[in-house]
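Spelled out from the first residue to the last, the chains are:
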Amino acid sequence: MPSLLEGVQVLAMEAGATDVRARRRRTVLVADDDADVRAALAEALADEGWDVHEAENGREALERIEAGAYDVVLLDHRMPEMTGGDVCRELRARGRGVRVVMLTAAAAVRDLAAEVGADAWLGKPYGLDELFDVLERASDGPSGRAAG
Amino acid sequence: MDGLAESAFEAHRRYVSTGRLVGDLLRESTLRAWERAHRLGADARLPKAEHLGLRETERLLGARRDVLAAAEPYLHLLSRAAGEDRHAAMLGDASGVVLRTLGDERTIYGPEPFPSAGALLDEGVAGANGIGTPLAEGDYVELVGPEHFIEGFHAFTCQGIPVHGPSGERAGVVSVSVRRTAAAARLRRILVCSAKGIEAELLRGRVEEDVRRVVAAAGFDEALVETLRQDLVQSAAAGRLRAESAARGVARDRLSESARLLALAERSIEAFRRQAAAWFRLASSEPAPTSDVALHELVDTLAELGRTEASTRLVDLHVDAPTAVYATADVGAITRALFGGLLRSLERAGAGGRVILEVRRAGDTRTVRGIAAAQGRAPVEAFRLALPGGDDGVPTGTR
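What counts, and where the lines are drawn
- Residues numbered from 1 in each chain as written.
- Chains lettered and ligands numbered in written order.
- Predicted model: local features only at pLDDT ≥ 70, side-chain atom pairs only at ≥ 80, totals over all residues.
- Heavy atoms only, no water.
- Helix = DSSP H or I, 4+ residues; strand = E, 2+ residues; numbered from the N terminus.
- Expected span 1.5 Å × (residues − 1).
- Bend = angle between axes of the 7 residues up to and from the residue.
- Buried < 20%, exposed > 50% of the residue type's maximum accessible area, 1.4 Å probe, protein only.
- Pairing = 2+ DSSP bridges.
- Axes fitted to C-alpha atoms, helices over the stretch in contact; angles between N-to-C directions.
- Contact = heavy atoms within 4.5 Å.
- Buried area = accessible area lost by both parts, 1.4 Å probe.
- Salt bridge = Lys/Arg side-chain N within 4 Å of Asp/Glu carboxyl O.
- Nonpolar A, V, L, I, M, F, W, Y, C, P; charged D, E, K, R; others polar.

K.L.:
Would you mind going over helix α12 (residues 295-312) of chain B in detail, with residue names and values included?
P.N.:
All names here are of chain B. Between its first and last C-alpha atoms α12 spans 26 Å; for 18 residues at 1.5 Å apiece the expected length is 26 Å, and the two agree. By the largest-angle criterion, Gly306 marks the main kink of α12, which is about 45°. For α12, the set of buried residues is Leu295, His296, Leu298, Val299, Thr301, Leu302, Ala303, Leu305, Gly306, Glu309 and Ala310. Immediately downstream of α12, the backbone of Leu314 shows phi near 60°, a positive value.

K.L.:
Requested: an account of the sheet that holds strand β13 (residues 380-388) of chain B, with residues and values cited.
P.N.:
All names here are of chain B. Read across the sheet, four strands follow the order β9-β11-β12-β13 without closing on themselves; strand pairing throughout is mixed. Since the sheet does not close on itself, it has two edges, and those belong to β9 (316-320) and β13, each with one partner. In this sheet, adjacent strand axes meet at a mean angle of 15° when their direction is disregarded. Where β9 and strand β11 (residues 354-362) come together, five bridges link them in parallel fashion. The residue bridging Leu317 from the neighbouring strand is Val355, located in β11.

K.L.:
Before we move on, could you go through the side chain of B:Glu309 and cite the residues and values that matter?
P.N.:
With respect to the secondary-structure elements, B:Glu309 resides in helix α12. With relative accessibility at 8%, the residue B:Glu309 sits in the buried group. Once residues lying within four places of it in the same chain are set aside, the contact partners of B:Glu309 are A:Arg78, B:Leu224, B:Thr227, B:Leu228, B:Asp231 and B:Leu346.

K.L.:
Account for the interface of chain B and chain A, with residues named and values stated.
P.N.:
Counting residues at the interface gives 28 residues for chain B and 26 residues for chain A. Summed over both partners, the interface of chain B with chain A comes to about 2,300 Å²; 48% of that surface belongs to carbon and sulfur atoms. The three residues of chain B that bury the most area against chain A are B:Gln230, B:Gln234 and B:Leu241, which together make up 23% of that side's buried surface. A:Asp34 is paired through a salt bridge with B:Arg242; the nearest N and O atoms lie 3.1 Å apart. For the side of chain B that touches chain A, the secondary-structure elements that each account for two or more residues are α8 (181-209), α10 (222-251), α11 (255-283) and α12 of chain B. The biggest single contributor to the side of chain B that touches chain A is α10(B), with 15 residues. Of the residues in the side of chain B that touches chain A, the class split is six nonpolar, seven polar and 15 charged.

K.L.:
Could you give me a rundown of α8(B), with the residues and numbers involved?
P.N.:
Each turn of an α-helix holds 3.6 residues, which means side chains three or four residues apart point in the same direction. If you check α8(B), its first and last C-alpha atoms are 42 Å apart, about what 29 residues at 1.5 Å a residue would give, namely 42 Å. Along α8(B), the helix axis deviates most sharply at B:Leu187, where the bend reaches about 40°.

Here it is, written out as structure tokens:
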């Protein structure tokens, strides 16, 4: 029979284990053709506890999404091979409900996001705190609706 | 207190008791600031800054919305970089009035309230300080503790740097103040980068206004100009993102990684400035007097501006400019001609193709050629621009 102190430790460990399970590292795919931007985003997101994967163009992003399971995808719009908008449109056409956040400097960012079926969008330039906020909301909410 | 602060403390003590400036106890820039403050009648015994009235402050904040909006992300970034240190990041207008202060709770709301919006920090009122002195010096300035002219500021080490608007006019000043001098040294480069970032944000505001002028002046398709605007904004956005990542790194003591990110941030901001300058020339339809134009640099910048467009069209774009080449020309007119040529070259090359922008000197003539090669096809000349030679340091006859 464990002592009172050992019992407290066991309870604490169990509570900790539950906490860890509840806060599973969520995965994010960062798709941007600018390697330095990708690296800066990846590092900041990893610091926030995200498991970060990267794609350097739209086609690679699409392939990775098809092959893996992501909680959320960050898609830059202006990318070679396929634009972020094209990737999102294709995902929706294939019935993929993965949550997508569009990153763009387009003036009509809201219309673009709604048109391609993104869950959320961020207009450039954006700050990291704004990005974390949008990611939290996008990864928690239902997929398929654009919100800033 | 270190040697610098001890000397300044003694200089301040003597100034307050005798009214005399002891030059050899102060750094050169601090001495200049104290001399100005003395001449302008600032009171070294002041416990805190004087303030504008509430209504006047509100009017000022309304009038300077542009610089406030441009600076806000960078003030947050500076505050984040300061981390756990007691600190304040400040924005002042071009006359030394504080527009915004941001910092930790004790500094902003504590028993020794830090200057807030409306505080008058012009040297004539507040003496040497992190807002008024950079404005007076026109450059980066650091003031350690007692180097501040008024006693109320002695607890802080402040550093500030002026910020300029799109036409080079003084738009304001950004500063950061910390209790620990050691913390100040870590923030210097972030502060300098923040000033450049704020200037880039002010420039971005003007770029956004210029889309229609570029369409009208350069005759490009509106949709294309909008995508180019997006690419231009991307450089500014990348700069901000990298600067913010660097600030987070400083707060976490990852100093070498932060230095690398800051260098990247500065590179992005500099690229944005170059591209924005080219953009404004695209937007201008008015003839300018001819001058010596660095063709190799101009072609490089235009290639930078068109690189994402090339990449989305799946065209490989290169610049071949082995030497510095100067031409005598109207820089606005050749910017529009070259960019039009670049777009035609991309069109000719098509997906999977390749474009080389070639800059050459031949006798007294300078040429830029766009050579386009469609996939699997021989290269063709898509455009050629020939200009009279400028002063590129090569004697006539050998050019």
